[in-house]
Amino acid sequence: TQLLEQSPQFLSIQEGENLTVYCNSSSVFSSLQWYRQEPGEGPVLLVTVVTGGEVKKLKRLTFQFGDARKDSSLHITAAQPGDTGLYLCAGVEAGGTSYGKLTFGQGTILTVHP
Amino acid sequence: SQTIHQWPATLVQPVGSPLSLECTVEGTSNPNLYWYRQAAGRGLQLLFYSVGIGQISSEVPQNLSASRPQDRQFILSSKKLLLSDSGFYLCAYTSPFGTDTQYFGPGTRLTVL
């Protein structure tokens, strides 16, 4: 059973469209990160959210952390071809001694066509 | 500033040969260090983590081992590679003074033939 369910797994859209990626769990997380990864490279951090209900904006990207800290979403407005890549959510479970271990979602492969 | 290095970038090895992948971190002391393996275009699976020199925890049973001979050095090894060891290996660290945010190295693409 996947601790973090990320959806959709694949997303193919036209330039200018909006999209949302979801990350859901039955577990509570002390923090949740979103990463973007290009082929053959390591994931690059986009944002970390730590407070339930938190909303963070990074240019055309909007990140939300659920009130109960069990889910998160990434919304991209007016997608561009440069947004193409693998998007990963990852969280640290709340409680106990986790040593900062991240649990990753399965990833969303986004393709934005010009 | 903090940086993380991995080498080699790519590696092609025959089945049964040994493996040594290296990861080093600069600009921070006593980081937590992590080794992940990633299947093509998918999420990451945690293999090992370390909270200090000589302290290694394994997350999944496998043909690999890890060592931390120095504070900012993390090594992934195998005595005899299997075909199933092929993949993209990523090293990551967290700063002991910050949040749980992990920062990743550039990765090593391992192909076992």
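Before going into details, it helps to say that this report is about the structure given with it. (Residues numbered from 1 in each chain as written. Chains lettered and ligands numbered in written order. Predicted model: local features only at pLDDT ≥ 70, side-chain atom pairs only at ≥ 80, totals over all residues. Heavy atoms only, no water.)

Here we come to unusual backbone geometry. The omega angle of the peptide bond from S7 of chain A to P8 of chain A is -10°, so this bond is cis rather than trans. For P8 of chain A, the position within the fold is in the loop between strand 1 (5-7) and strand 2 (10-14). Look at the link from W7 of chain B to P8 of chain B: it is a cis peptide, with omega at 0°. Relative to the assigned elements, P8 of chain B resides in the loop between strand 1 (3-7) and strand 2 (10-13). Its identity as a non-glycine residue notwithstanding, K59 of chain A has a phi of 55°, on the positive side. The topology assignment puts K59 of chain A in the loop between strand 6 (55-58) and strand 7 (61-65). By relative accessible area, which is 84% here, K59 of chain A ends up exposed. Of note in the backbone geometry, A78 of chain A takes a positive phi value of approximately 50° without being a glycine. When you line up the elements, A78 of chain A lands in the loop between strand 8 (71-76) and strand 9 (85-93). (Helix = DSSP H or I, 4+ residues; strand = E, 2+ residues; numbered from the N terminus. Buried < 20%, exposed > 50% of the residue type's maximum accessible area, 1.4 Å probe, protein only.)

Moving on: the environment of A68 of chain A. Relative to the helices and strands, A68 of chain A is located in the loop between strand 7 and strand 8. Note: C-alpha distance between A68 of chain A and Y99 of chain A (31 residues apart in sequence) is 22 Å.

Residues and elements named next belong to chain B. Buried residues dominate strand 5 (residues 44-52), accounting for 7 of its 9 residues. Both strand 4 (residues 32-38) and strand 5 contribute to a ladder of 6 bridges, which runs antiparallel. The residue of strand 5 that forms the bridge with Y36 is L46. Where strand 4 hands over to strand 5, the hairpin turn is made up of 5 residues, of which G41 adopts a positive phi near 65°. Pairing of strand 5 with strand 6 (residues 55-58) involves 3 bridges; the strand directions are antiparallel. (Pairing = 2+ DSSP bridges.)

The next subject is the interface of chain A and chain B. Taken together, the 25 residues of chain A in the interface contact 21 residues of chain B. The contact between chain A and chain B buries some 1700 Å² in all, and 55% of this surface belongs to carbon and sulfur atoms. Looking at the side of chain A facing chain B, the largest losses of area belong to Y99, K101 and F104 of chain A, adding up to 30% of the total buried there. Our count for the contact surface shared by chain A and chain B stands at 1 salt bridge. Residue K101 of chain A is joined to E59 of chain B by a salt bridge in which the shortest nitrogen-to-oxygen separation is 3.3 Å. At the boundary of chain A and chain B, one finds 7 residue pairs in polar contact (both at pLDDT 80 or more). Secondary structure elements with two or more residues in the side of chain A that touches chain B: strand 4 (29-37), strand 5 (44-49) and strand 9 of chain A. (Contact = heavy atoms within 4.5 Å. Buried area = accessible area lost by both parts, 1.4 Å probe. Salt bridge = Lys/Arg side-chain N within 4 Å of Asp/Glu carboxyl O. Polar contact = N/O pair within 3.5 Å; in protein donor to acceptor, adjacent residues only side chain to side chain.)

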